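# Structural features, examined
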Amino acid sequence: MAAPRLICQFASAFAIVCCWLSGVTPGAADSAIGGKVTDRITQQPIVGADVQIEYSGQIVGAGTSEPNGVYRVFFAIPPGAPANLTMTASFRSEGYAVTKSPFQVSPGNAGPIVRDIALFPTGVANCLSQRSPAVIVGHFLPPLGRDFADLSARIARTLEYALNTRLQTVRLILKLQPSFEPCDAANPRIPVLGAKFAKALGADAFVSGEIAPGDGSSDFTVSVFVSDAYDLFSTPATASNRSIDLSSPSAGASITGETHAAVLASIAAGLANKKNDCRTAMDVLLVAEQLVEVTPAYITRLRETCNSRNPNAGLRRATP
Amino acid sequence: MIRFGAGCRRMLLALALLSATAGVALAFQEVSLDREFRQLRDIQRRVENLPAYQVAEELKRQISALQERLDMLAGQRFSMPLNMIERERESLASEIYALQRQLGDAQKAIVNFREAISGGQRERFFPNARHRVATFTFDDPHATELGDPISFLLSKKLLFSTRVTSFAVVNYRQGADRDPSSNLAYFDRVDAVTKDQKFSLAIWGRLSRIERGVRIDSFLQVPGDADKSPYVRTVRLPVAMGGGTLTVRLKPDRILLQSLDVDPDGISLLRTAAKQVAMLRASPAADAPVIGRLDDDSYRSGTIHSIVGFQRSDWIQLDTGGRRGWTSIDQFCTGACRALLDVASFVNDVVALTSRSPARPVSKNLTREAEAMSEQLAALSSLSNNPNRAVELAEHWALGSSPDVTARNRTAPGGAGFANLLAVARVKAELMRVNALEPNFERIRVGRRAIERIANELAEASVADPSDVDVVENLAVLFGYLGDDRRRGLALEIAANLKSKAR
């Protein structure tokens, strides 16, 4: 599982930073802050990130992250500062949104401060979902020399109309209706990173795609990748949609039932995992199942997971 | 207060078939059958002018049977004792009277209403109609401007081709404009109006622009709280089995009926058809002079428009407050428009099924969910008298006994709906079987192994669809009979929990 590995990585990074911070300290500095700068999506270390420590609008320390993402910055506490003061660490790196992280310092007890930070790629931080359930519709890679403005937004809108209408058949209550949020800046280098985008953005599903020229002059073949935040899909659920007119305001209205089913299954997985609401999850799965000819294995797996948590399982005949 | 639209004129066109009673005096002075022959001929003539719908066909069948009896009586009246002739004549007269009443019920009237702009519509439209259906303008996020024409065409098809009597259609037009703060406003409004007006069925839908035209998604819904509707059946257990009641309810009760892709030619066909159907003509011909319109303001003020005539099954004559005009849906609605009308035909079939009319095949233009709903209604209708038929129909969906392998792998629409129906139908079939041996129903006890098998299968269905409260309540009844207190208690607890969440 990923959790022990993460703990191990964190522990080793923490050890490195502590050793580093407890080393030789420049004479003028009163304290130090250190940690690891990573990419919020991929969790890979970010090299060369600029770190500045600010207090009352003044820079009191600066540094840069090393190849393993680890940084350390020594800073001076201004004379006459209050007993407990709040400083801000600012992190900047090309291709990433500037991130500020406040921290507390006590002059009398200026031990090393550990602060790991994960930076969102530029533009992606704005896509952090505030709703649940949520589906983020990311970038659709266009063919060379083509650009499709607002495609993420149009596809998000089309998905919302299509799926929320279908969800009406099981009378899903308003607060459990999924929101479909466009985020063109969310551009995974490879489709498999979609799951990391879903997790990092707090969404249940992440939808992205690739566009290839089709047969007609205005037609395109659109491959849609659906990833989820709960590892329901080992690789993104992929469906190819032919003869799509991307100039239409409802681009993607002809997206296949397979794509719709995968998005709904991700939402169901979120209901089951985040909200611990397997009953509603099963309702959503019922809708998903009507959209495909054969029930996909991921739906069966999710059903089995829910069955084990379902109080109705106690109504089954007791095994002798 | 129900306001279907926000900030715009709220208009609705209400259409109805109103019941009319034809009081007929049946006095006679001598044993003569001329009057009955005349009455029957008159009914026959009027029925011939009805569109060739199920109502007309049923009336024709009854007329034919009465004609035969009348002919026989006429042939025997000189050889039969007078009192026997009188008795038979009285019986025939009474049946002819009943026929006249049925025909009276089939007379149609159109009523246009305009919802008060400020107050909303509080009173119930056509409260005395047995069957009340609403059609809502379709949700139109991409501004195709087809929402009203489509609901208008569907409402007309519903009205003109109904298979039942005492039938009302209310067509909600305009006012379904989207509220930018919520994409769900449309559904909420449809739901609110349907519940408030207690419609037995509602048709609504959504329009979206697709690559080459428009996709028309048509939905049908049955009010979820329709406890005493024709969509619910109960089976009571004998006292010896605990006397509990098993409930089976139509599920799915909100379905996608049709997803129809219409190209630009089809779109203009739909618009033209709606305009043509709205025109009232001087005679039943497409090129006859137009004498009025059904969709202009003069018809929205609450006047009653009666259907007073029919010709060749596809032209309808309307009386619009003294002025008469003709219109037709079948004449003008062709091609893609005709495919759309399958939605209305299906809804008419659903209404007819609830009136014990036989099921008709579901159009291939409709969805699998429509087929499932139709078969489930047929099974519900068979439940009380022919539970084995209900079992057969339910098994097809619940157990995937379809010969079609693809269908076998698919989950039945409506979750545990078919499984519940199957369980209740099996219990009913067992009760009827044992009842044949033990006439005292209250003393009947169905074999525990049979009930246990039914309960265990239903429990599996409940795990797959844990939100179905009917299923868990039925399980509580069955476990009660089996003496399984643990599972009965759990079922009751789950049911109570589901009900409290629903509130």
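Since the structure is predicted, the reported quantities are computational estimates derived from the model, not experimental observations. (Residues numbered from 1 in each chain as written. Chains lettered and ligands numbered in written order. Predicted model: local features only at pLDDT ≥ 70, side-chain atom pairs only at ≥ 80, totals over all residues.)

## Comments concerning the overall build of chain A
Scanning chain A from N- to C-terminus turns up six helices and 13 strands. Among the 320 residues that make up chain A, the fraction classed as buried is 45%. If you take every contact in chain A between residues at least 6 apart in sequence, the share linking residues at least 24 apart comes to 63%. (Helix = DSSP H or I, 4+ residues; strand = E, 2+ residues; numbered from the N terminus. Buried ≥ 20, exposed ≤ 12 C-beta atoms within 10 Å, placed from the backbone. Contact = placed C-beta atoms within 7 Å.)

## A word on the environment of S382 of chain B
Residue and element names in this part refer to chain B. Within the fold, S382 resides in helix α8 (residues 368–382). Each C-alpha atom of the pair S382 and R356 lies 9.1 Å from the other, and the pair is 26 residues apart in sequence. Non-local contacts of S382, meaning those with residues more than four positions away in its chain, are made with P387, R389 and A390.

## Observations regarding the interface of chain A and chain B
Across the contact, 35 residues belong to chain A and 37 residues belong to chain B. For the side of chain A that touches chain B, the secondary-structure elements that each account for two or more residues are α2 (151–167), β13 (237–245) and α5 (278–289) of chain A. The element that contributes the greatest number of residues to the side of chain A that touches chain B is α5 of chain A, accounting for five residues. Considered class by class, the residues forming the side of chain A that touches chain B number eleven nonpolar, 15 polar and nine charged. (Nonpolar A, V, L, I, M, F, W, Y, C, P; charged D, E, K, R; others polar.)

## Quick look at α8 of chain B
Residues and elements named next belong to chain B. Its 15 residues place the ends of α8 21 Å apart at the C-alpha level, agreeing with the 21 Å of an ideal helix rising 1.5 Å per residue. Among the 15 residues of α8, eleven are classified as buried, and the element is accordingly described as predominantly covered. Residues of α8 that are buried: E369, A370, A372, M373, S374, Q376, L377, A379, L380, S381 and S382. Contact partners of the buried residues in α8: β7 (232–236), β8 (245–249), β9 (254–262), α7 (336–354), α9 (387–398) and α11 (417–435). (Expected span 1.5 Å × (residues − 1).)

## Things to note about the confidence of the model for chain A
All names here are of chain A. Chain-level statistics for chain A give a pLDDT mean of 85 and a share of 86% at 70 or above. Every residue in residues 1–8 is under pLDDT 50, and counting partners more than four places away or in other chains gives zero contacts. When the criterion is pLDDT under 50, residues 10–27 qualifies, and its contacts beyond four places in sequence or with other chains add up to 20 contacts. (pLDDT = per-residue confidence, 0-100.)

## What to know about the environment of G123 of chain A
Examined against the element boundaries, G123 of chain A turns out to sit in the loop between β8 (117–119) and β9 (134–141). The spatial distance from the C-alpha of G123 of chain A to the C-alpha of V263 of chain A is 23 Å, given a sequence separation of 140 residues.

## Remarks on the pairing of strand β10 (residues 179–182) of chain A
Residue and element names in this part refer to chain A. Across four bridges, β9 lies against β10 in parallel orientation. Looking at β10, one finds that V137 is bridged to P182. Following the chain from β9 across α2 to the adjacent parallel β10, one finds a crossover that is right-handed. (Pairing = 2+ DSSP bridges. Right-handed = clockwise from strand over helix to strand, strands pointing away.)

## Side note on the packing of α2 of chain A against helix α4 (residues 257–273) of chain A
Residues and elements named next belong to chain A. Look at α2 against α4: their axes get within 11 Å of each other, and the N-to-C directions meet at 75°. Considering their axes alone, α2 and α4 lie roughly perpendicular with respect to each other. When α2 is examined against α4, the residues L159, A162 and L163 are found in contact with a partner set consisting of H260, V263 and L264. Class assignment for the residues of the contact of α2 with α4 results in five nonpolar, one polar and no charged. (Axes fitted to C-alpha atoms, helices over the stretch in contact; angles between N-to-C directions. Parallel < 35°, antiparallel > 145°, perpendicular 65-115°, else oblique.)

## Re the domain arrangement of chain A
Residue and element names in this part refer to chain A. In terms of domains, chain A is made up of domain 1 (23–119) and domain 2 (125–313). Between the C-alpha centres of domain 1 and domain 2 the distance comes to 38 Å. Within the side of domain 1 that touches domain 2, the residues separate by chemical class into two nonpolar, one polar and one charged. (Domains from an automatic or database assignment.)

## Remarks on the nonpolar core
With 126 residues, the main nonpolar core has L153, L340, V347, A394 and L475 of chain B as its most contacted residues. If you tally residues by element for this core, the top one is α7 of chain B, at 13 residues. When sequence neighbours within four positions are dropped, the list of residues in contact with L475 of chain B reads L315 of chain A together with A455, L458, A459, S462 and A491 of chain B. By size, the runner-up hydrophobic cluster in this structure holds 86 residues, among which are L119, C127, V222 and A262 of chain A. (Core = buried A, V, L, I, M, F, W, Y, C linked by C-beta atoms within 7 Å.)

## Regarding unusual backbone geometry
That bond from S132 of chain A to P133 of chain A is cis: its omega, 0°, falls within 30 degrees of zero. Relative to the helices and strands, P133 of chain A is located in the loop between β8 and β9. For R171 of chain A, which is not a glycine, the phi torsion comes out positive at approximately 50°. Within the fold, R171 of chain A resides in the loop between α2 and β10. Since 15 C-beta atoms lie within 10 Å of it, R171 of chain A is described here as partly exposed. Not every positive phi belongs to a glycine, and K198 of chain B is a case in point at roughly 50°. Structurally, the position occupied by K198 of chain B is in the loop between α5 (185–197) and β5 (201–210).

## Digging into the sheet that holds strand β2 (residues 50–55) of chain A
Residues and elements named next belong to chain A. Overall, antiparallel pairing links the four strands, which are arranged β3-β2-β5-β6 in an open sheet. Edge strands, defined here as strands with exactly one partner in the open sheet, are β3 (58–64) and β6 (99–105). Strand-to-strand, the axes of this sheet are offset by a mean angle of 25°, without reference to chain direction. Alignment of β2 against β3, held across six bridges, turns out to be antiparallel. Note that in β3 the partner of E54 across the bridge is I59.

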